[in-house]
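The lines below spell out each chain.
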Amino acid sequence: MEALNEYLWMGGDGIFIWSAYSAAAILLGGLALVMLVGKRSVEKRLELLGDKHSQTRKEAGAHDGP
Amino acid sequence: MINLHRYANPNQFMRLSSPLVPVVGFLTCSLFPIGLYLALFVSPPDYEQRETVRIMYVHVPAAWMALLSYTLMATFSAVALIWRHPLANVMARSVAPIGASFTLICLITGSLWGQPTWGTWWVWDARLTSVLILFFLFVGYLVLYGAFDDMAKGARAAGLIAIVGFIFVPIIKFSVDLLDLRTLHQGASVSKLSSPAIHESMMWPLMIMAAAYLCYLITFLLLGVRTEIMAARLRAGHRMRAEKGVQLGSSE
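This one's a predicted model, so the numbers in the text were calculated from it and none came from an experiment.

Some points on the overall build of chain A
- Within chain A, the secondary structure is distributed over 2 helices and 0 strands.
- Every one of the 66 residues in chain A was classed for burial, and the buried ones make up 24%.
- Accessible surface, chain A: about 4700 Å² in total, of which carbon and sulfur atoms supply 64%.

Written out as structure tokens, the structure reads:
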């Protein structure tokens, strides 16, 4: 436990080092999350649009039929 | 000669990038833990900067990637303005948020490194100020891109900002080496390839972290472009549906 505390303390500079690594992790992780969620949302809406499109075509086909 | 236009077609891009994204994504996920392990547990403290030198492993690659991102954004913008290439604007728009994030990481980690090393969080010197302006250029590009109802107009205005702002890339690069400008920032340690002023016990973690950052940039650039292409298809689909609705309404 003491060894871990000493490692995290980093000779008194731990606060600066861990803050820098945390800031980098939050920014890179946050951007990755935003981009992945955005991609998933566009994919879902595109699928939904495709479904609606095929439904409209089916309905149009039913109207055109005998 | 390779016909680049053929490969820059949105359909071709979607087809070619589809297997690339998981490969580069896997490389990103593999390189980050290795780089972090080497940076935090293996590399030695510096004789002068002590443990604070470990901030270098997140700060320096972020600065490199910020400059690379801006260079890419300006190049894509120039290609879009000159040759009116369909994918160039999308690529410039996709690299901007990634570049802004790298620049912000560079500024924050630099400030956190500056306090224990120089005794101050910030100084208005050539290097730091020009990097701050680079961050504002990224933000300005993104704001301007979305500020117009007509997307093409927004892309053109933002592209001009990107090209004009490219002047800051050499200013940032050479502000501590060639230009005789007052700065607290140290000079280049790695770019002198013949005799780098950095020991290999620190060079390896730095290079692996830089490779991880580069793979991150490529992964999310490809992903961003793919999302933008899909969003454009979505808009086109909605437009077609709306036009069909109008036609049906008028025929009835």
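Notes on the state of the cysteines
Residue and element names in this part refer to chain B.
- Using the criterion set out here, one finds 0 disulfides over all chains in the structure.
- Unpaired in this structure, Cys 29 has its nearest cysteine sulfur neighbour in Cys 215, at a distance of 10.0 Å.
- Of all cysteine sulfurs in the structure, the one in Cys 215 sits closest to Cys 106, which takes part in no disulfide; the separation is 20 Å.

Details of the packing of aromatic side chains
All names here are of chain B.
- This structure, assessed with the given rule, holds 13 aromatic pairs over all chains.
- Note on Tyr 141 and Tyr 145: the rings are 5.8 Å apart at their centroids and 45 degrees apart in plane angle, and the pair reads as tilted. Of this pair, Tyr 141 and Tyr 145 both sit in helix 5 (residues 126-145), separated by 4 residues, roughly a single helical turn.
- Exposure remark for Tyr 145: the relative accessible area of 11% places this residue in the buried category.
- On the numbers, 4.7 Å between centres and 45 degrees between planes, the contact of Tyr 216 with Phe 220 is tilted. Note that Tyr 216 and Phe 220 are positioned in helix 8 (residues 200-251) at a spacing of 4 residues, about one turn of the helix.
- According to the relative accessible area criterion, Phe 220 is buried, its value standing at 9%.

As for helix 3 (residues 56-83) of chain B
- Between its terminal C-alpha atoms helix 3 of chain B stretches 40 Å, which fits the 40 Å expected from 28 residues at 1.5 Å a residue.
- Taken from the residues just after helix 3 of chain B, Arg 84 of chain B is the one with a positive phi, measuring 50 degrees.

Concerning the pattern of salt bridges
- Following the criterion strictly, the structure yields 4 salt bridges over all chains and no others.
- Its salt-bridge partner being Arg 40 of chain A, residue Glu 43 of chain A comes within 2.8 Å of it at the nearest N-O pair. Highlighted residues: Glu 43 of chain A and Arg 40 of chain A, both in helix 2 (residues 14-64), separated by 3 residues, approximately one helical turn.
- Of the residues examined, Glu 43 of chain A reaches a relative accessible area of 21% and is grouped as partly exposed.
- Classification of Arg 40 of chain A by relative accessible area gives partly exposed; the value is 40%.
- One salt bridge connects Arg 54 of chain B with Glu 51 of chain B, and the closest N-O pair in it is separated by 2.7 Å.
- On the basis of relative accessibility, which here comes to 5%, the residue Arg 54 of chain B falls in the buried class.
- A network of salt bridges, in which partner residues are shared, links Lys 39, Arg 40 and Glu 43 of chain A.

Remarks on the nonpolar core
- Met 56, Tyr 70, Met 73, Ile 98, Phe 102, Tyr 213 and Tyr 216 of chain B are the most contacted members of the largest nonpolar core, which totals 80 residues.
- Where this core is concerned, the elements lending two or more residues are helix 2 of chain A together with helix 2 (10-42), helix 3, helix 4 (88-118), helix 5, helix 6 (151-165), helix 7 (168-174) and helix 8 of chain B.
- In terms of residues, this core owes the most to one element, helix 8 of chain B, which gives 18 residues.
- Residues within four places of Tyr 70 of chain B in sequence aside, it is in contact with Leu 134, Leu 137, Phe 138, Ile 161, Ala 162, Gly 165, Phe 166 and Val 169 of chain B.

Brief notes about the interface of chain A and chain B
- Tallying the contact residues gives 27 residues for chain A and 38 residues for chain B.
- Between chain A and chain B, roughly 2900 Å² of surface is buried when both sides are summed, and carbon and sulfur atoms account for 81% of that area.
- Area buried by chain A at its contact with chain B is led by Phe 16, Tyr 21 and Leu 28 of chain A, which between them contribute 23% of it.
- Applying the counting criterion to the chain A and chain B interface returns 4 residue pairs in polar contact (both at pLDDT 80 or more).
- If one sorts the elements of the side of chain A that touches chain B by residue count, helix 2 of chain A sits on top with 24 residues.

Focus on the side chain of Asp 13 of chain A
- Mapped onto the secondary structure, Asp 13 of chain A falls in the loop between helix 1 (2-9) and helix 2.
- Ignoring sequence-local partners within four residues, the contact set of Asp 13 of chain A consists of Arg 50, Glu 51, Thr 52 and Pro 116 of chain B.

A few points about the packing of helix 3 of chain B against helix 4 of chain B
Residues and elements named next belong to chain B.
- Between helix 3 and helix 4, the least distance of the axes is 7 Å, while the angle of their chain directions is 155 degrees. By the criterion of interaxial angle, the relationship of helix 3 to helix 4 is roughly antiparallel. For the pair helix 3 and helix 4, the crossing hand works out as left-handed.
- By residue class, the composition of the contact of helix 3 with helix 4 is 20 nonpolar, 8 polar and no charged.

Scoring rules and cut-offs
- Residues numbered from 1 in each chain as written.
- Chains lettered and ligands numbered in written order.
- Predicted model: local features only at pLDDT ≥ 70, side-chain atom pairs only at ≥ 80, totals over all residues.
- Heavy atoms only, no water.
- Helix = DSSP H or I, 4+ residues; strand = E, 2+ residues; numbered from the N terminus.
- Buried < 20%, exposed > 50% of the residue type's maximum accessible area, 1.4 Å probe, protein only.
- Areas by Shrake-Rupley, 256 points an atom, 1.4 Å probe, with all protein chains shown as cover.
- Disulfide = S-S within 2.5 Å.
- Phe/Tyr/Trp six-rings, centres within 6.5 Å; stacked < 30°, edge-to-face > 60°.
- Expected span 1.5 Å × (residues − 1).
- Salt bridge = Lys/Arg side-chain N within 4 Å of Asp/Glu carboxyl O.
- Core = buried A, V, L, I, M, F, W, Y, C linked by side-chain atoms within 4.5 Å.
- Contact = heavy atoms within 4.5 Å.
- Buried area = accessible area lost by both parts, 1.4 Å probe.
- Polar contact = N/O pair within 3.5 Å; in protein donor to acceptor, adjacent residues only side chain to side chain.
- Axes fitted to C-alpha atoms, helices over the stretch in contact; angles between N-to-C directions.
- Parallel < 35°, antiparallel > 145°, perpendicular 65-115°, else oblique.
- Left-handed = near helix turned anticlockwise from the far one by under 90°.
- Nonpolar A, V, L, I, M, F, W, Y, C, P; charged D, E, K, R; others polar.

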